[in-house]
Amino acid sequence: MANHFDLLSAHGNDGYKQLIEFFPEAIIIHIEGIIVYTNIAAQKILGATSSGELIGKPILEFVHPEDQKKVLSAIMEALQTPYEAGIGKINPESRYIEERLLRVDGGMVKVEATGIAIIYEGKPAILTIGKEVTYPNRYENLLNDLAYIDSLTRLYNRRWYMDVFRNKLNSHEYQELAILFMDLDGFKNVNDTYGHLVGDRFLKEVAEKIKFTVGSKGDVARFAGDEFIIILHSPEHLADLINEVINQVRSQVKNQQLHTFVTASIGVSLYPKDSENAETLLMQADKAMYVAKCNGKNQYCFFQEER
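Residues numbered from 1 in each chain as written. Predicted model: local features only at pLDDT ≥ 70, side-chain atom pairs only at ≥ 80, totals over all residues. Heavy atoms only, no water.

## Focus: the overall build of the protein chain
Filter applied, for reference: Numbered from the N terminus, helices here are DSSP runs of H or I no shorter than four residues, and strands are runs of E no shorter than two. In this scheme, a residue with accessible area under 20% of its type's maximum is buried, one over 50% is exposed, and one in between is partly exposed, where area comes from a 1.4 Å probe on protein chains only. The Shrake-Rupley method, run with a 1.4 Å probe sphere, supplies the accessible areas, and residue values consider only the shown protein chains as cover.
When its secondary structure is counted, the protein chain shows nine helices and eleven strands. Taken across its 307 residues, the protein chain has 48% of its residues classed as buried. Surface accessibility of the protein chain: about 15,900 Å² in total, with carbon and sulfur atoms responsible for 52%.

As structure tokens, then:
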């Protein structure tokens, strides 16, 4: 097929490689969601001093949480119609999508991006081309957005839950939800034994895995310390997803070769069954989480009214 091209492979043309490396617009190539190549313009937009700060990391790690769903959908659409579809709609007039990217230095930029499915080093990949878009109120808007992002994990934060999510709930945007409050059992031992730098890295890895597991099914926020909130837009297959989250926490201990024991205790409250109020739902999930801890940890528990 003529559109199967592999410009940057080891067997590619050096002229093409140089052209792409110094192309004025950002170019990012990712395979199965993991960045494998960035040109100089992409590094500049993302605030990186070299490609090494970006390669090997999930592409969604650099996408604002509110934009991740549409970006993931666009990527899947491109992969389903390989070598022809761009990110967004196939119609050339509307194939570009606007998204917010989180920079390495903690800043944020808005970009307009498109992409195509290609072959890179013999594997199916997505080549994304993007350029920064400037708005008159750009910095004011970015500061407002960053107020709802946790600086360590790049998940939503407590303020997002209390402001944005509560407003959505009050506007009756959802028909039903599951609110999960998760606490990491034994995480203090990681900080005490290995130091806070290792502890922070562990939290970032856990946050990344939870976000990937939840995907488009809901939203994830870091409430405080080693506490997380997961909002599932549909309780369907709830038990399977919770168990997967718990397994992901356990697996991170092995992945980072930590000689300690960290698990997850999760409490669950349901909207509108348990309450229609954001604060009450969170409090109920918190209570259920403590029941899970008292029952042995490393498990989940649904909120039940005291009788």
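Continuing now.
## A word on the sheet that holds strand 7 (residues 177–185)
Defined as follows: By definition, two strands form a pair when at least two bridges between them are found by DSSP. Two residues qualify as a contact provided that any one of their heavy atoms is within 4.5 Å of a heavy atom in the partner residue. Note on definitions: angles span 0 to 180 degrees between N-to-C directions of axes, and those axes are lines fitted to C-alpha atoms, for helices only across the stretch in contact.
The mixed open sheet is built from six strands, whose spatial order is 6-8-9-7-10-11. This sheet does not close on itself; its edge strands, each paired only once, are strand 6 (156–157) and strand 11 (300–302). Bridge analysis of strand 8 (residues 218–224) against strand 9 (residues 227–232) gives six bridges, and the strand direction is antiparallel. Note on strand 9: the bridge partner recorded for Arg222 is Phe228. Sitting on the sheet, helix 7 (residues 196–214) is in contact with strand 7, strand 8 and strand 9, with an inclination near 155° to strand 8.

## Quick notes on unusual backbone geometry
The omega torsion across Tyr271 and Pro272 is 5°, close enough to zero to call that bond cis. Positive phi, normally seen in glycine, also occurs at Arg154, with a value near 65°. Position of Arg154 among the secondary structure elements: in the loop between helix 4 (138–146) and strand 6. Arg154 sits in the buried class, given a relative accessible area of 16%.

## Examining helix 3 (residues 68–80)
Rules: A helix is expected to span 1.5 Å multiplied by its residue count minus one. Here the arc refers to the set of directions running from the helix axis out to each C-beta atom.
For helix 3, which comprises 13 residues, the first-to-last C-alpha distance of 18 Å matches the rise-based estimate of 18 Å (1.5 Å per residue) to within 8%. Those residues of helix 3 that fall on the buried side of the exposure criterion are Gln68, Val71, Ala74, Ile75 and Ala78. Viewed along the axis of helix 3, the buried residues span an arc of 130°, placing them on a single side of the element. Relative to its buried face, helix 3 has exposed residues pointing more than 90 degrees away, namely Lys69 and Gln80.

## A look at empty space enclosed by the protein
Inclusion rule: Buried and open spaces are told apart on a 1 Å grid over the protein atoms alone, a cavity being a set of points where a 1.4 Å probe fits but cannot get out and a pocket being an open set with protein on both sides within 12 Å along at least five of seven lines. Residues with an atom within 4 Å of a point are the lining residues. Grid points are joined across faces, edges and corners, and a volume is the space filled by probe spheres set on the points. When residues are grouped by polarity, Ala, Val, Leu, Ile, Met, Phe, Trp, Tyr, Cys and Pro land in nonpolar, Asp, Glu, Lys and Arg in charged, and all others, Gly among them, in polar.
Per the stated rule, a full pass over the model turns up two cavities of 30 Å³ or more. When its volume is computed, the largest cavity comes out at roughly 220 Å³. In this structure, the largest cavity is lined by 21 residues; those nearest its centre are Ile28, Glu99, Leu101, Ala113 and Thr128. Those elements that place two or more of their residues in the lining of the largest cavity are strand 1 (26–31), helix 2 (40–45), helix 3, strand 3 (97–102), strand 4 (108–120) and strand 5 (123–132). The greatest single-element share of the lining of the largest cavity, amounting to four residues, is contributed by strand 1. A per-class count over the lining of the largest cavity returns 17 nonpolar, three polar and one charged.

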